[in-house]
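Listed below, chain by chain, are the residues.
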Amino acid sequence: MDVPDFMQYSNKFTKGEFVEKISRIAKRAGAKLVYAALVLFYTLQSDKVTLKDKAIIIGALGYLISPLDVIPDAIPIAGLSDDLGVLIFVLQKIWGEVNEDVKEKARAKLSQWFDEDEIEEINTLFDKE
């Protein structure tokens, strides 16, 4: 199987299109996945992020929105686990570059889709499950 060119999805990273996609899968995906995706998306918009980091962020977000996955998203519970794994991997690589404003912006958006108990999940973002 050929690996898809995730850069083709870079035009999907307009604020409206990306947030619309995330909002459609938010409850099914869980707060951790949505928070990781939002942090990466908002970090991508920063002019302080290196081109290399932008490329890996686009790859991770492209994988999230791509219809082609190692584990299809339609499979209950497991379907989004590969997406979360990719997002967490990239987030760990760039976490030191993520500023507090980006984290707060992502948390604020999260509060539109999740209640406070669900948002508590993000406190264990990097914990092994």
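Our subject is the structure listed above.
Report on the accompanying structure. Since the structure is predicted, the reported quantities are computational estimates derived from the model, not experimental observations.

**Concerning the side chain of lysine 103**
1) Next: By secondary structure assignment, the location of lysine 103 is in helix α5 (residues 100–113).
2) Next: You can call lysine 103 buried: its relative accessible area is 15%.
3) Next: Only 3.1 Å separates the side chain of lysine 103 from the side chain of glutamate 100, close enough to count as a polar contact.
4) Next: Excluding residues that lie within four positions of it along the chain, lysine 103 makes contacts with Tyr35, Trp95 and Val98.

**A short note on the nonpolar core**
Within soluble globular proteins, side chains that are nonpolar generally end up buried alongside one another.
1) Next: Judged by nonpolar contacts, the single largest core of 38 residues is most densely connected at Phe18, Val34, Leu40, Ile57, Leu61, Leu87 and Leu110.
2) Next: Aside from chain neighbours lying at most four places away, what touches leucine 110 is Ala31, Val34, Tyr35, Leu38, Ile119 and Ile122.

**A closer look at the packing of aromatic side chains**
1) Next: In the structure shown here, the tally under the stated rule is two aromatic pairs.
2) Next: For the pair phenylalanine 41 and tyrosine 42, a centre-to-centre distance of 5.6 Å together with 55 degrees between the ring planes defines the contact as tilted.
3) Next: Residue classification places phenylalanine 41 among the buried positions, given a relative accessible area of 1%.
4) Next: The exposure class of tyrosine 42 is buried, given its relative accessible area of 5%.
5) Next: Ring geometry for tryptophan 95 against phenylalanine 126: centres 5.2 Å apart, planes inclined by 80 degrees, an arrangement best described as edge-to-face. With tryptophan 95 in the loop between α4 (81–94) and α5 and phenylalanine 126 in the segment after α6 (116–119), this pair connects stretches of sequence that are 31 residues apart.
6) Next: Of the residues examined, phenylalanine 126 reaches a relative accessible area of 28% and is grouped as partly exposed.

The rules behind each value
Residues numbered from 1 in each chain as written. Predicted model: local features only at pLDDT ≥ 70, side-chain atom pairs only at ≥ 80, totals over all residues. Heavy atoms only, no water. Helix = DSSP H or I, 4+ residues; strand = E, 2+ residues; numbered from the N terminus. Buried < 20%, exposed > 50% of the residue type's maximum accessible area, 1.4 Å probe, protein only. Polar contact = N/O pair within 3.5 Å; in protein donor to acceptor, adjacent residues only side chain to side chain. Contact = heavy atoms within 4.5 Å. Core = buried A, V, L, I, M, F, W, Y, C linked by side-chain atoms within 4.5 Å. Phe/Tyr/Trp six-rings, centres within 6.5 Å; stacked < 30°, edge-to-face > 60°.

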